[in-house]
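# Secondary and tertiary structure notes
The residues making up each chain are set out below.
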Amino acid sequence: MNNQKKAAATATNAITEGIIWRQLLIFFFPIVLGTFFQQLYNTADAMIVGRFVGKEALAAVGGSSNQIINLIIGFFVGVSSGATVIIAQHYGSRKETELSHALHTAIAFSTVSSIFLMGAGYFLAPALLSMMNTPESMMADSVTYLRIFFLGILFTFIYNIGSSILRSVGDSKRPLYYLIVCCFLNIGLDLLFVLVFHMGIAGAAIATVLSQAVSAILVLLALIRTSDIYKLHLRKVRFFEGSLSSILRIGIPAGLQATMYSLSNIIIQTALNALGTDTVAAWTSFGKMDAFCWMVISAFGISTTTFVGQNYGAGKYDRVRKSVRVCLGMTLASSIAMSIFLMTAGKYLFHLFTSDPEVIRIGIQILNYMAPAYALFVFIEIYSGALRGIGDVIIPTIMTCCGVCVFRTLWVFLLVPKSPTIETITLSYPISWGITAVLFIIYYYKKQKKLGMENFDQ
């Protein structure tokens, strides 16, 4: 081992050694800022096409095509979270060989998965959109946007797994830097392709894919050039059987959970499509604002998983419990502040996306039901992140699928036909969050008793 590796191996790990609240914030802020810039360049697509192409294009960017994209990415990110947990645990215990196998298996999985989905998604895009009752006025733009996304899915997968690996070893800064660069690149390309070259929805999609390509290259270079034990060697990229089974054991339940979320959202989107373009555009506009709130909650969830995973791997179980308590308090405070902000400023924010008064009116209705309930989801995100960090994924997945996904699906099939309004559809969210939050609180506090045991018996 050379001097640089020796230094890396013996350096103090702030996540397992430092003051918890301080290290959580140091780790959290780059994640949330990175997610902010990721949402910003996604939102830029919606803002530019909504203001300069039309509300049909706005609905196409954020309607059915967006739900399908979320389904694909959600499943992949869920499965790859298995690699994140395994790598965090190996990094905490400084197991270099096991970490290397997990890292190279994760990159191989991302590459093979993206190649398969690239072809399947491109040809199935029209059929998928038709199954969701996508309005005819949106169909052509939605097909175009979705097909271009699938052609560039390799870059999306590589960036997501690469940045997750960096965060799992405690590096949340470089993914932030790469996203800032790519955010401004995406906005610049959006303006160039849509306003100057008049490429419409295709221009916005191409801008996003090119920006993702740059971010994927940057994150790969970071992994290749590091001198730490998580160094990537392209010639070693392949499937290691033991690592693959460990990743899938944790990742498959998380991927299925994300898929169930997305499927329930697709069912809801199908119900929304039946209410017309104005409702879909309003839902899209609110969704872009809503995403900035979820990015904060999600960043705390990622922080919880990393802190729990590394401290669990290092055998520091008292820090596991303290990390969860601190992160829960911070997230609750943040969610309440965000709810107050949206309830106060929401009506002005809608004007960033559209000037259509009916779209804005419907959007404010949606906001008034959703924003006050964000705190309920905090318990789901933080406790599931903590449980994932110690490798407990089966029961949390079942609770989430039943409490959120199955409940919303039954709601749409049983109640929405009797009262087909945006209010009925929107109410399914806060009610499902409340039910699932209660389940997680009960389960986590039962599990916490085991966390004090010597071996963390599962």
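Bear in mind the structure is a predicted one, so any value in this text is a computation, not a measurement.

About the criteria used
- Residues numbered from 1 in each chain as written.
- Predicted model: local features only at pLDDT ≥ 70, side-chain atom pairs only at ≥ 80, totals over all residues.
- Heavy atoms only, no water.
- Helix = DSSP H or I, 4+ residues; strand = E, 2+ residues; numbered from the N terminus.
- Rg over C-alpha atoms; globule rule 2.2 N^0.38 Å.
- Buried < 20%, exposed > 50% of the residue type's maximum accessible area, 1.4 Å probe, protein only.
- Contact = heavy atoms within 4.5 Å.
- Areas by Shrake-Rupley, 256 points an atom, 1.4 Å probe, with all protein chains shown as cover.
- Lys, Arg positive; Asp, Glu negative; His and termini not counted.
- Charge placed at Lys NZ, Arg CZ, Asp CG, Glu CD.
- 1 Å grid on protein atoms, 1.4 Å probe; cavity = no way out; pocket = protein on both sides within 12 Å on 5 of 7 lines; lining within 4 Å.
- Points joined across faces, edges and corners; volume = space filled by probe spheres on them.
- Axes fitted to C-alpha atoms, helices over the stretch in contact; angles between N-to-C directions.
- Parallel < 35°, antiparallel > 145°, perpendicular 65-115°, else oblique.
- Nonpolar A, V, L, I, M, F, W, Y, C, P; charged D, E, K, R; others polar.
- Salt bridge = Lys/Arg side-chain N within 4 Å of Asp/Glu carboxyl O.
- Left-handed = near helix turned anticlockwise from the far one by under 90°.
- pLDDT = per-residue confidence, 0-100.

### Side note on the overall build of the protein
From N to C terminus, the protein includes 17 helices and zero strands. For the protein, the C-alpha radius of gyration of 22 Å lies close to 23 Å, the compact-globule estimate for 458 residues. Counting over 458 residues, the protein shows a buried share of 57%. Relative to all contacts within the protein whose residues are 6 or more apart in sequence, the contacts with residues 24 or more apart total 85%. Here the protein displays about 18,200 Å² of accessible surface, and carbon together with sulfur accounts for 67% of that area. Computed over 32 positive and 21 negative side-chain charges, the separation of the two mean positions in the protein equals 9 Å.

### Here we look at empty space enclosed by the protein
Using the criterion set out here, one finds four cavities of 30 Å³ or more in the structure. Empty space within the second largest cavity amounts to approximately 60 Å³. Forming the walls of the second largest cavity are Ala254, Gln257, Ser384, Leu387, Arg388, Asp392, Val393, Pro396 and Thr397. Every element with two or more residues in the lining of the second largest cavity is listed here: α11 (241–273), α15 (374–389) and α16 (394–414).

### Quick look at the packing of helix α6 (residues 96–131) against α11
Where α6 contacts α11, the two axes come as close as 9 Å, and the packing angle between them is 70°. Considering the angle they form, α6 stands roughly perpendicular to α11. Side by side, α6 and α11 meet where Glu98, His101, Ala102, Thr105, Ala106 and Phe109 of the first sit next to Ser243, Leu244, Ile247 and Leu248 of the second. Taken together, the residues that form the contact of α6 with α11 break down as six nonpolar, three polar and one charged.

### Examining the pattern of salt bridges
Per the counting criterion, the structure on display carries three salt bridges. Between Arg174 and Asp171 there is a salt bridge, and its shortest N-O distance comes to 2.6 Å. Residue Arg174 is classed as partly exposed on the basis of its relative accessible area, which comes to 24%. Between Arg361 and Glu358 there is a salt bridge, with its nearest N and O atoms 2.6 Å apart. On the criterion of helical spacing, the pair formed by Arg361 and Glu358 is a turn pair, its members being three residues apart in helix α14 (residues 357–370).

### A word on the packing of α6 against helix α8 (residues 153–168)
Close contact between α6 and α8 brings their axes to 8 Å; oriented N to C, the two are set at 160°. In terms of orientation, α6 and α8 fall into the roughly antiparallel class. Here the hand of the crossing between α6 and α8 comes out right-handed. Within the contact between the two elements, α6 uses Leu103, Ala106, Ile107, Ser110, Thr111, Ser113, Ser114, Leu117 and Met118 and α8 uses Ile153, Leu154, Phe157, Ile158, Ile161 and Ile165.

### Considering the confidence of the model for the protein
Atom-level detail of predicted coordinates should not be read off regions where pLDDT is low. Taken residue by residue, the protein gives an average pLDDT of 83. The fraction at 70 or more is 92%. Every residue in residues 1–11 scores below 50 in pLDDT, and together they form nine contacts with partners more than four places removed in sequence or on other chains. Scored below 50 in pLDDT, residues 453–458 shows 13 contacts in the model against residues more than four places distant or in partner chains.

### With respect to the layout of surface pockets
Size it by volume and the second largest pocket reaches roughly 270 Å³. If you go around the second largest pocket, you meet 14 residues; those closest to its centre are Met289, Phe292, Phe341, Leu342 and Leu349. At the level of elements, α3 (20–52), α12 (277–313) and α13 (317–349) are the ones that each hand at least two residues to the lining of the second largest pocket. The dominant element in the lining of the second largest pocket, judged by the number of residues it contributes, is α12, at six residues. Taken together, the residues that form the lining of the second largest pocket break down as twelve nonpolar, one polar and one charged.

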